[in-house]
Amino acid sequence: MDPIHRGPEDFGRDNDGYGEESGRRTQPRAPLTSDFGQQPMQRARVVQVVSGDFLLTVNPVDGSEVELCPPGEQPPVPVRRTAAERTDRERAAAPPVPPGPPAPQLPLLERQEERERLVRLLARGRSVRLTGPAGSGRTALLSAVAADCADLAPDGVVRLSGLKRTVTDLLYGLFEAVYDAPLLRPDRAVLLEMLRSIGAVVVLDDLEFGGAALDELLDATPECAFLFATTPDVPAPTADAHLEEVFLAGLGRSASVALLEEVAERPLTDDEANWAGDLWFESEGLPLRFVQAGALLRRRDMLRTDPTAYDEQGYVEGRPVDDVFAKGADAEGQDAPLPSLGEGAAPAALLASRLSGPARDTLHFAVALGGEVPHQAHLPALVGDTHADAALGELAGCGLLSPAGSRYRLAPGVVAQLEAAGYGEDADDRARTAAQHYAWWAGHSSVTAARAVAEADAIVAAMTRLVPGDGAGQASAAVLLARSAAPALAAGLHWSGWEKTLRLGQEAARIAGEVAEEAYFHHELGVLALCNGNPDRARAELETSISMRGALADKSGAVAGRRALALVADRSGTLPGGRTPVGEEVPAARYDESASPPGGIPAAGPMVLPWMSEDDTALISRAPASGTDGFGGRKAVLGGARRNLVAAGAGVLLAAVLGTVVTLGMMPSSDAQDGGSVSTEQSAGEDDSENGLPADEPADDSTPGGASSSGSPSTPGPSGSQVSPSGSGAPSSESSGPSDSPSSGRPASGRPSSPGTPTKSPTDTSTKTPTKTATPTPTETETTGSPTPAETPTDTTSPGASDSASGPSTTASASGSSPEPVVA
């Protein structure tokens, strides 16, 4: 066999008998990883979801990637579900039936009037708000009304749960219930457009908001009739909502006793009837209390009977009930007393004490998860008992569970009662165990996104318990759970749970010090914000992620973050504008070029700063003549591409001139220099920019000894001064000794004074000291556009008495020549 070009049998395929022996296909070699006790490698689930105009690729390894959806990847137009499809979906979304014997169907007592009224209002297209206390039987009444309204609307009846759900969650939930659009999450505009055409009766249980949020929900669905079920503590709707209010009270005494008998499956004795009357007065006729009281009576009957009278499912094996009770009482010598009134009003602890061990462990986990009961498929792994899934049936039969959407929760008030009984002492340990289990389960390749979405509330509850905790390993367990569950929730289009998971995971990673995981959560939050239409938050999250990944040298993650950040800038309609992604180099300012404005660059006047005097203004004045510019008489045909360079050169020139003036005023005494004299070299002017040198940098052939830019040595001049050649050929003179005149100010007009008439300063001549005269370099004047040699005046200053900010003073030279103004 060719070792380079492998045959198809090496990949588990045959090719017309190639590689077969004796009519059998070559079997692949068994994996070796099982021999070492290691699990086989699992392929990462990469799911592509279309969100508005974006194609979101959920990558659980490096982070999700988002891009504009290509034309060929556009999803098909959503289609409405048929009646059969809606029925199948509703059946699949219902809570699972608890294992064990079927629970008896309880009648709906004293609710016929409210039931008929609700159906009439919904048939007329009116929306109704059903308000009742927790445990008043709102869920049972909603189920009966939904069955009566099955044929009222063209899109049927849609049942939703508002528990821990926002307006956006409910709008997308209604869209998914009516339209068949897999892996599609339309943007806000398309969503509202499609919701306006839905005509359905929406039964919404456990609503948790009101006011303006409720108005938003109603305005988005004008063709739907809503039946809201809520508690009195939820904010009321506004006056513009136009909702019908229906209040649900407790049952009467006779109805409560009848319900108690239905649950207990036998008639009540006189003592039990009196006890039921006291319980009715205490609980105000709430049906939930009588369901739980009936469970107490059933457990009491089991204690009073012969333990051998019941089979494994709790049924009496064909014996009369009275005979079983009498034999049980005679055998034990005493009868089980009735529960007290307090135990009947809060029976959760007493009921839990009479449950099996797996059922009590399930209650421990439910309390640790804030009332969320794990799915029955998870109970064997959490509890450690292969038959722990039967515990769900025990809890449902005792009235300790309440349906909430597609899952079960502890009934209202049960969590507080169990915590008072000590069921919350090990809540942190139970939550950590649940987090580790869910992290393994959610990351498994066989778990679909829909199954992960069904357990989203339990997953979020486990992380909520662990994130603020201080126990060892709690934060790390929360990070692991968030890392495994977040991609599954994103692929399942449960984005509110995705966001909660990411935020809890980011906080847990910060507490645990896991920088790489924290950068991942910031990246995912940025992608989520981009898909939700929030570019500012997306930019902040992505920049944070890029900086963290840059510090960790995570190149692949940083590249994914930069791609998403570029898309944010493109979608927001603004260029970075000074904001540069972390890790990218910023080019120098002198290389940035921009387009020229129409009409060229306008001429700018002299730059005047607040601390300048009129003389300083004259020094830096630039007034080019017609047909010339400010760069040595060149034509002002500058394109806009050099506008930034001109502005930068003007600022640098101003700094150079003022710096030279200040430096000359602070020169040391003459005895510290060679020969007792100072000769300055030619300063960098504007003409230097022609050679590609900025104005604040000396030429390459300049020497620190004060030589000119041409490199010619200085020659002695008249009166003991040294003359250095300049670009214009004019000599530069310098006095060899102390000046006779004190420092003088410049002429206000900037013109030279008459020869032989030095301008003297009004300072006191009795205190003057010998000073050194520094001669600046002559420059070319630009007032007429042609170079003109100018003789530099001497600077005669006394230490401590000169103002360096006002520039060098102009005096008469030692040889009697008239001073010239300094023009930079």
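This report concerns the structure included in the present document. (Residues numbered from 1 in each chain as written. Predicted model: local features only at pLDDT ≥ 70, side-chain atom pairs only at ≥ 80, totals over all residues. Heavy atoms only, no water.)

Reading across from one edge, β3-β2-β1-β8 is the order of the 4 strands in this open sheet, with mixed pairing throughout. Sheet topology places β3 (65-68) and β8 (184-185) at the edges, where each strand pairs with a single neighbour. Of the pairings in the sheet, the one linking strand β1 (residues 47-51) to β8 comprises 2 bridges and is parallel in character. By the bridge assignment, Ser51 is partnered in β8 with Arg185. Across the sheet, helix α24 (residues 555-572) is in contact with β2 (54-58) and β3; its angle to β3 comes to roughly 35°. (Pairing = 2+ DSSP bridges. Helix = DSSP H or I, 4+ residues; strand = E, 2+ residues; numbered from the N terminus. Contact = heavy atoms within 4.5 Å. Axes fitted to C-alpha atoms, helices over the stretch in contact; angles between N-to-C directions.)

Moving on, we come to the side chain of Ser51. Along the polypeptide, Ser51 turns up in strand β1. A residue is classified by how much of its surface remains accessible, and Ser51, at 5% relative accessible area, is buried. Once you skip the residues sitting within four places of it in the chain, Ser51 turns out to touch Arg185, Trp495 and Cys531. (Buried < 20%, exposed > 50% of the residue type's maximum accessible area, 1.4 Å probe, protein only.)

The next subject is helix α6 (residues 212-220). Taken together, the buried positions of α6 are occupied by Leu214, Asp215, Leu217, Leu218 and Ala220. In this structure, the buried residues of α6 make contact with α4 (167-178), α5 (188-195), β9 (201-205) and β10 (225-230).

Attention now moves to the pairing of β3. Two elements, β2 and β3, share 4 bridges in a ladder whose sense is antiparallel. From the neighbouring strand, Phe54 faces β3, where its bridge partner is Leu68. The turn linking β2 back onto β3 is made up of 6 residues, and Gly63 within it adopts a positive phi angle of 115°.

On to the packing of α4 against α5. Following both chains from N to C, one finds α4 and α5 inclined at 55°, their axes separated by 10 Å at the closest point. Classified by the angle their axes make, α4 and α5 are oblique. Crossing of α4 over α5 shows left-handed handedness. Mapping the contact onto sequence places Thr168, Leu171, Tyr172, Leu174 and Phe175 in α4 and Arg188, Leu191, Leu192, Met194 and Leu195 in α5. Of the residues contributing to the contact of α4 with α5, the split by class is 8 nonpolar, 1 polar and 1 charged. (Parallel < 35°, antiparallel > 145°, perpendicular 65-115°, else oblique. Left-handed = near helix turned anticlockwise from the far one by under 90°. Nonpolar A, V, L, I, M, F, W, Y, C, P; charged D, E, K, R; others polar.)

A separate point is the sheet that holds strand β11 (residues 244-247). Sheet strands pair via backbone hydrogen bonds, and the direction of the pair is either parallel or antiparallel. Read from one edge to the other, the open sheet built from 5 strands follows the order β6-β9-β10-β5-β11, with strand pairing classed as parallel. The open sheet has two edge strands with one neighbour each: β6 (157-161) and β11. Shown here is a sheet whose adjacent strand axes are inclined to one another by a mean of 15°, direction ignored. Here β9 runs beside β10; their pairing, made up of 4 bridges, is parallel.

Attention shifts here to the packing of aromatic side chains. Tallied over the entire structure, the rule returns 5 aromatic pairs. Each ring, one from Phe226 and one from Phe228, has its centre 5.1 Å from the other, and the planes form 5°; the classification is stacked. Accessibility expressed as a relative area gives 0% for Phe228, which makes it buried. With 5.5 Å between their ring centres and 65° between their planes, Trp495 and Trp498 make a pair best called edge-to-face. Of this pair, Trp495 and Trp498 are both found in helix α21 (residues 495-512), 3 residues apart, which corresponds to roughly one turn of the helix. Using a relative accessible area of 0% as the deciding quantity, one classes Trp498 as buried. Positioned over the ring face of Tyr172 is Arg185, at 3.8 Å from the centre of the ring. Its end group placed over the ring of Tyr520, Arg483 keeps NZ or CZ at 3.6 Å from the ring centre. (Phe/Tyr/Trp six-rings, centres within 6.5 Å; stacked < 30°, edge-to-face > 60°. Lys NZ or Arg CZ within 6 Å of the ring centre and 35° of its normal.)

A separate point is the pattern of salt bridges. Enumeration over the complete set of coordinates arrives at 26 salt bridges. In this structure, Glu272 engages Arg266 in a salt bridge whose closest nitrogen and oxygen atoms are separated by 2.6 Å. In terms of burial, Glu272 and Arg266 fall into one category: buried. Arg300 is the partner of Glu272 in a salt bridge, and the nearest nitrogen-oxygen pair spans 3.0 Å. You can see Glu272 sitting in helix α8 (residues 270-283) and its partner Arg300 sitting in helix α9 (residues 287-304), a full 28 residues away along the chain. The structure contains a network of salt bridges with shared partners spanning Lys164, Arg165, Glu372, Arg407, Arg409 and Asp457. (Salt bridge = Lys/Arg side-chain N within 4 Å of Asp/Glu carboxyl O.)

With that settled, the discussion passes to α4. The end-to-end C-alpha distance of α4, which contains 12 residues, comes to 17 Å, matching closely the 16 Å that a straight helix rising 1.5 Å per residue would cover. Of all 12 residues in α4, 10 are buried, a share of seventy percent or more. Val167, Asp169, Leu170, Leu171, Tyr172, Gly173, Leu174, Phe175, Ala177 and Val178 are the residues of α4 that are buried. (Expected span 1.5 Å × (residues − 1).)

Here we come to the nonpolar core. Within the largest apolar cluster, 59 residues are counted, with the highest numbers of intra-cluster contacts made by Val66, Leu481 and Trp498. Sorting elements by how many residues they give to this core places helix α20 (residues 474-491) first, with 9 residues. Those residues in contact with Trp498 that sit more than four places away from it in its chain are Leu56, Ser64, Ala486, Leu489, Ala490, Glu524 and Leu528. In terms of nonpolar packing, the next biggest core, distinct from the first, is built from 34 residues, Cys69, Ala181, Leu191 and Met194 among them. (Core = buried A, V, L, I, M, F, W, Y, C linked by side-chain atoms within 4.5 Å.)

We now examine the packing of helix α13 (residues 357-368) against helix α17 (residues 427-442). As a packed pair, α13 and α17 sit with axes 8 Å apart at the nearest point and diverge in direction by 90°. Looking at the two axes, α13 sits roughly perpendicular to α17. Contact residues: Asp361, His364, Phe365 and Ala368 in α13; Ala427, Arg430, Ala431, Thr433 and Ala434 in α17. Of the residues assigned to the contact of α13 with α17, the class counts are 5 nonpolar, 2 polar and 2 charged.

For His522, the position within the fold is in helix α22 (residues 515-531). Among the residues examined, His522 registers a relative accessible area of 10% and is labelled buried. Non-local contacts of His522, meaning those with residues more than four positions away in its chain, are made with Gln506, Glu541, Leu542, Thr544, Ser545 and Met548.

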